[in-house]
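A structural walkthrough
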Amino acid sequence: MEERNKTLGEFIIEKQEEFMYSSGELSRLINSIRLAAKVVNYKVNKAGLVDIVGAFGEQNVQGEDQQKLDVYANETFMQTLINREIVCGIASEENDDFITIKGKDGLHNNKYVVLMDPLDGSSNIDVNVSVGTIFSVFRRVTPVGTPVTKEDFLQPGVNQVAAGYVIYGTSTMLVYTTGHGVNGFTLNPAIGTFYLSHPNMQFPKDGHIYSINEGNYVHFPQGVKDYIKYCQTEEGDRPYTSRYIGSLVSDIHRNMIKGGIYIYPTSSKSPKGKLRLLYECNPMAFIAEQAGGKASDGFNRIMEIQPTELHQRVPFFCGSENMVDKANEFMKKYQ
Ligand code: P6P
């Protein structure tokens, strides 16, 4: 079958055959993400009608309870994962602590934990800007059969067995990796099927787009200020173009296709940065590296950071390899 006509379902089965050793749980996990993505996509696309059907948190004209979309997305992804008897624990941006999940047999025999940001950038919904779901998957490290512990979630990003994102944009895409490259699937909403539209996605080694909230310029470390000035200097293939949507998934997705770098550094306002290591930076770093890009905290590889808490923040430099290397060069001058 021609690559681009392949559905996500066919792709998962084909790849499953490549990994004969695995028991199909990872495939079932990706399938559950697929289903939840379609359900959330429907709701996100309806969000624009909320003024007509009633503000969130109130009854709408049909008497339905309107939930905040973050909460709705969180519950949808959680429920879909729980129903499929695959995960033994879930951590979410929406929950203070992780959730322990038993199988229907009341035991803790499932092998995977999922960490997710169910609806990143949701403040953009009211202005009709793309938002996304980000997910990261690990095998548990504590004994199967016992309740998960924080140790199962506080693993370095290099241990991820899968990661990806859904971008609810002009079209809805599911982009993910299981450690064998990155593939992008576009939803045909008319029939609710994801088709392989972007096989083997590659981050261009160089790019001409830099994505950073320059409104915080005065608060940035000197290395970031110097890098921004470097991007703006007329020399060789510069100046670069500044593109910042304010939605992590959208900025990274565009930069992966066109080449570019996304930076959310520390600042006096966010001394540890803003983005969360476990369910924003690690999964996006896994995707970036699998596509030939790079992700650092300005000094070290994101995926080698040993996490210490579920919601910890880190500075984030992610994108085209040569651009991340150059930005890190400026940062190291002031280390
Ligand atoms: P700022 C959205 O809130 C988010 O977590 C990312 O999706 C986005 O890149 C960043 O924060 C935007 O933050 O401070 O520039 O508005």
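Rules behind the numbers
- Residues numbered from 1 in each chain as written.
- Predicted model: local features only at pLDDT ≥ 70, side-chain atom pairs only at ≥ 80, totals over all residues.
- Heavy atoms only, no water.
- Core = buried A, V, L, I, M, F, W, Y, C linked by side-chain atoms within 4.5 Å.
- Buried < 20%, exposed > 50% of the residue type's maximum accessible area, 1.4 Å probe, protein only.
- Helix = DSSP H or I, 4+ residues; strand = E, 2+ residues; numbered from the N terminus.
- Contact = heavy atoms within 4.5 Å.
- Domains from an automatic or database assignment.
- Buried area = accessible area lost by both parts, 1.4 Å probe.
- Salt bridge = Lys/Arg side-chain N within 4 Å of Asp/Glu carboxyl O.
- Polar contact = N/O pair within 3.5 Å; in protein donor to acceptor, adjacent residues only side chain to side chain.
- Pairing = 2+ DSSP bridges.
- Axes fitted to C-alpha atoms, helices over the stretch in contact; angles between N-to-C directions.
- Near = heavy atom within 4 Å.
- Areas by Shrake-Rupley, 256 points an atom, 1.4 Å probe, with all protein chains shown as cover.
- Nonpolar A, V, L, I, M, F, W, Y, C, P; charged D, E, K, R; others polar.
- Parallel < 35°, antiparallel > 145°, perpendicular 65-115°, else oblique.
- Left-handed = near helix turned anticlockwise from the far one by under 90°.

Ranked by size, the top nonpolar core spans 43 residues in total, and within it Phe153, Tyr165, Val175, Leu248, Met256, Ile302 and Phe316 carry the most contacts. It is helix H8 (residues 277–290) that contributes the most residues to this core, nine residues altogether. Contact partners of Met256, with chain neighbours within four places excluded, come to Tyr165, Val175, Val182, Met201, Gln202, Phe203, Pro204, Ile287 and Ala291. Judged by nonpolar contacts, the second largest core, of 39 residues, contains Ile30, Leu69, Phe135 and Phe185.

Time to look at the domain arrangement of the protein chain. For the protein chain, the assigned domains are domain 1 (3–198) and domain 2 (209–332). Computed from C-alpha coordinates alone, the two centres of domain 1 and domain 2 are separated by 24 Å. Each partner contributes to the roughly 2,600 Å² buried at the junction of domain 1 and domain 2, and carbon and sulfur atoms together form 67% of this total. Its largest share of buried area at the contact with domain 2, domain 1 owes to Ile134, Leu154 and Tyr165, together 22% of the area lost on that side. Run the count over domain 1 and domain 2 and you get zero salt bridges. Applying the counting rule to domain 1 against domain 2 returns 11 residue pairs in polar contact (both at pLDDT 80 or more).

Here we come to the sheet that holds strand E9 (residues 209–211). Read from one edge of the open sheet, five strands run E10-E9-E11-E13-E12, paired in mixed fashion. What marks the edges here is a single partner per strand, and that holds for strand E10 (241–242) and strand E12 (294–296). In the packing of helix H7 (residues 248–258) onto the sheet, the strands contacted are E9, strand E11 (261–264) and strand E13 (316–319), and the crossing angle to E9 comes to about 165 degrees. The strands touched by helix H9 (residues 321–332) are E9, E11, E12 and E13; relative to E13, the strand with the most contacts, the crossing angle is about 155 degrees.

Moving on: the site of the ligand. Taken together, Asp120, Gly121, Asn213, Tyr244, Gly246, Ser247, Leu248, Tyr262, Tyr264, Lys274, Leu275 and Glu280 are the residues near the ligand. The contact in question runs from an oxygen atom of the ligand to an N or O atom on the side chain of Tyr244, over 2.6 Å. Between Leu248 and the ligand, the recorded distance is 2.7 Å, taken from a backbone N or O atom to an oxygen atom. When isolated, the ligand has an accessible area of 400 Å², and the protein chains bury 79% of it. Each residue belonging to the shell around the ligand can be placed in one class, and the counts come to five nonpolar, four polar and three charged.

Our focus in this paragraph is the pairing of E13. Alternating residues of E13 divide into Phe316 and Cys318 and Phe317 and Gly319, and every residue in both groups is buried. As judged from the four bridges shared by E11 and E13, these two strands associate in the antiparallel manner. Counterpart to Ile261 in the pairing with E13 is Gly319.

This part takes up unusual backbone geometry. Here the residue pair Arg238 and Pro239 is connected by a cis peptide bond, since its omega of 15 degrees sits within 30 degrees of zero. By the element assignment, Pro239 lies in the loop between helix H6 (222–232) and E10. Not every positive phi belongs to a glycine, and Glu85 is a case in point at roughly 55 degrees. Position of Glu85 relative to the elements: it lies in the loop between helix H4 (69–83) and strand E1 (87–92).

Take the side chain of Asn282 next. If you trace the backbone, Asn282 turns up in helix H8. You can call Asn282 buried: its relative accessible area is 0%. In contact with Asn282, not counting residues within four places along its chain, are Gln155, Pro156, Gly157, Gln160, Leu277, Ile302 and Met303.

Helix-helix packing is characterised by the crossing angle of the two axes and by the distance between the axes. Relative orientation of the contacting elements H6 and H9 amounts to 130 degrees, with a least axis distance of 7 Å. It follows that H6 is oblique to H9 by the angle criterion. Taken as a pair, H6 and H9 cross one another with a handedness that is right-handed. Contacts between H6 and H9 involve Gly223, Val224, Asp226, Tyr227 and Tyr230 from the first element and Met323, Lys326, Ala327, Phe330 and Met331 from the second. When its residues are assigned to classes, the contact of H6 with H9 shows seven nonpolar, one polar and two charged.

A separate point is H8. Burial runs high along H8: 12 of the 14 residues are buried. Burial in H8 covers these residues: Leu277, Leu278, Tyr279, Glu280, Cys281, Asn282, Pro283, Met284, Ala285, Phe286, Ile287 and Ala288. Gly292, located one to two residues past H8, shows a positive phi value of around 85 degrees.

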